[in-house]
Amino acid sequence: MFSRLTRPQTVAVCALPVVALLATAALAPLPFSVAQPGLTANVLGENKGTEVITISGAPARDTEGQLRMTTIEATSPDTRVSLPDVIDSWFRTDQAVMPRDSVYPSGDSVKEIERHNEKQMRESQDAATQAALGYLGLDEKDVKVSLKLADVGGPSAGLLFSLGIIDKLDGDGTGGDLTGGRVIAGTGTIDAAGRVGAVGGVALKTQAAKRDGATVFLVPKAECADARANLPKGLRLIPVTTLKSTVSSLVTLETGKGSVPSC
């Protein structure tokens, strides 16, 4: 014999699976990483007690100002990111939710990801050296460049490495500093031909740059819109596409003669 449920009882019974499903979804790990502004490092100076750029085979200049590469700090690949984490980060300007595959190679272990990032950094450093020496018309056989940056992986420091090498070897080409004495930050990959490539997390990197004293930020032109999102007050954006045009923009900014591109 069965008794009939009242309407409120029926609604309650039907709602139970939905509530259970929502509770499970709230606690289940999601394929995202939560990122925030990371460290910055002056490639013209030291990082953890070691010179970032060391040059032999050619005289290196003493430089003024700073060229700061920027990073984002993301949750580790094995961190469980749940729905509440995503919702919380969605409404914050100092955090961003990013697909985990855009931050870490899909399916790799933590150790494999570390090796992958280290490999990308080495390749980026080689390309940055080739691009800088090629821009200056110098031969890699004659000039040796060593680049060391602890605890940073990936290719996004390439542009800043190239600029640092150029500033240490040639400055602005007329005896002055490429930075004009400013704190200049930026991001961007680079290939051996000097082409600048897009990276991720630029809206967070601008915050890291401003936090560490930068007044100018070099951003791959394709990511101008992302960089303008939540742009810190007092930070000037300069879009870049090639190493040559980036140097030209910095020299123009230093001398005040001509127009500097903007996002």
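Look up: the structure comes first, before these words.
A. Highlighting the pattern of salt bridges. Following the criterion strictly, the structure yields five salt bridges and no others. With a shortest N-O distance of 2.5 Å, Lys119 and Glu123 are connected by a salt bridge. Of this pair, Lys119 and Glu123 are both found in helix H4 (residues 110–136), four residues apart, which corresponds to roughly one turn of the helix. Classification of Lys119 as partly exposed rests on a relative accessible area of 43%. Residue classification places Glu123 among the partly exposed positions, given a relative accessible area of 43%. Salt-bridge contacts for Asp191 lead to Arg195; the nearest nitrogen and oxygen are separated by 2.8 Å. Exposure remark for Arg195: the relative accessible area of 53% places this residue in the exposed category.

B. Representation of the sheet that holds strand S12 (residues 236–240) in the model. Pairing in this open sheet of six strands is mixed, and the strands run S6-S1-S5-S8-S11-S12 from one edge to the other. Both edges of this open sheet fall to strand S6 (96–99) and S12, since each of them pairs with a single strand only. Between one strand axis and the next, the sheet turns through 35° on average, direction left out of account. Bridging between strand S8 (residues 183–186) and strand S11 (residues 216–220) involves three bridges; their strand directions are parallel. Residue pairing across strands places Ala185 opposite Phe217, the latter belonging to S11. Set on the sheet, helix H6 (residues 202–211) makes contact with strand S1 (32–42), strand S5 (66–74), S6, S8, S11 and S12; between it and S1 the angle comes to about 35°. Across the sheet, helix H8 (residues 243–255) lies against S8, S11 and S12, angled at about 145° from S12, the strand it touches most.

C. Quick look at the nonpolar core. One finds Leu159, Phe161 and Leu163 to be the most contacted residues of the largest nonpolar core, which totals 38 residues. Looking at this core, the elements with two or more residues in it are strand S4 (53–56), S5, H4, helix H5 (158–169), S11, S12 and H8. Among the elements that line this core, the one with the most residues is H5, at seven residues. Those residues in contact with Phe161, other than ones at most four positions away along the chain, are Val43, Val52, Ile53, Met121, Gln125, Ala128, Leu147 and Leu149. Within the second largest apolar cluster, twelve residues are counted, among which are Val199, Val202, Ala214 and Leu235.

D. Highlighting H8. Counted at 1.5 Å a residue, the expected span for H8 with its 13 residues is 18 Å, and the 18 Å between its end C-alpha atoms agrees. Residues of H8 that are buried: Leu243, Thr246, Val247, Ser249, Leu250, Thr252 and Leu253. Count one or two residues on from H8 and you reach Gly256, which has phi positive near 75°.

E. Quick peek at the pairing of S12. Taken across its five residues, S12 has four buried, putting it largely inside the fold. With five bridges joining them, S11 and S12 adopt parallel strand pairing. The residue bridging Val219 from the neighbouring strand is Pro239, located in S12.

Rules used in this analysis
- Residues numbered from 1 in each chain as written.
- Predicted model: local features only at pLDDT ≥ 70, side-chain atom pairs only at ≥ 80, totals over all residues.
- Heavy atoms only, no water.
- Salt bridge = Lys/Arg side-chain N within 4 Å of Asp/Glu carboxyl O.
- Helix = DSSP H or I, 4+ residues; strand = E, 2+ residues; numbered from the N terminus.
- Buried < 20%, exposed > 50% of the residue type's maximum accessible area, 1.4 Å probe, protein only.
- Pairing = 2+ DSSP bridges.
- Axes fitted to C-alpha atoms, helices over the stretch in contact; angles between N-to-C directions.
- Contact = heavy atoms within 4.5 Å.
- Core = buried A, V, L, I, M, F, W, Y, C linked by side-chain atoms within 4.5 Å.
- Expected span 1.5 Å × (residues − 1).

Geometry only, nothing functional implied.
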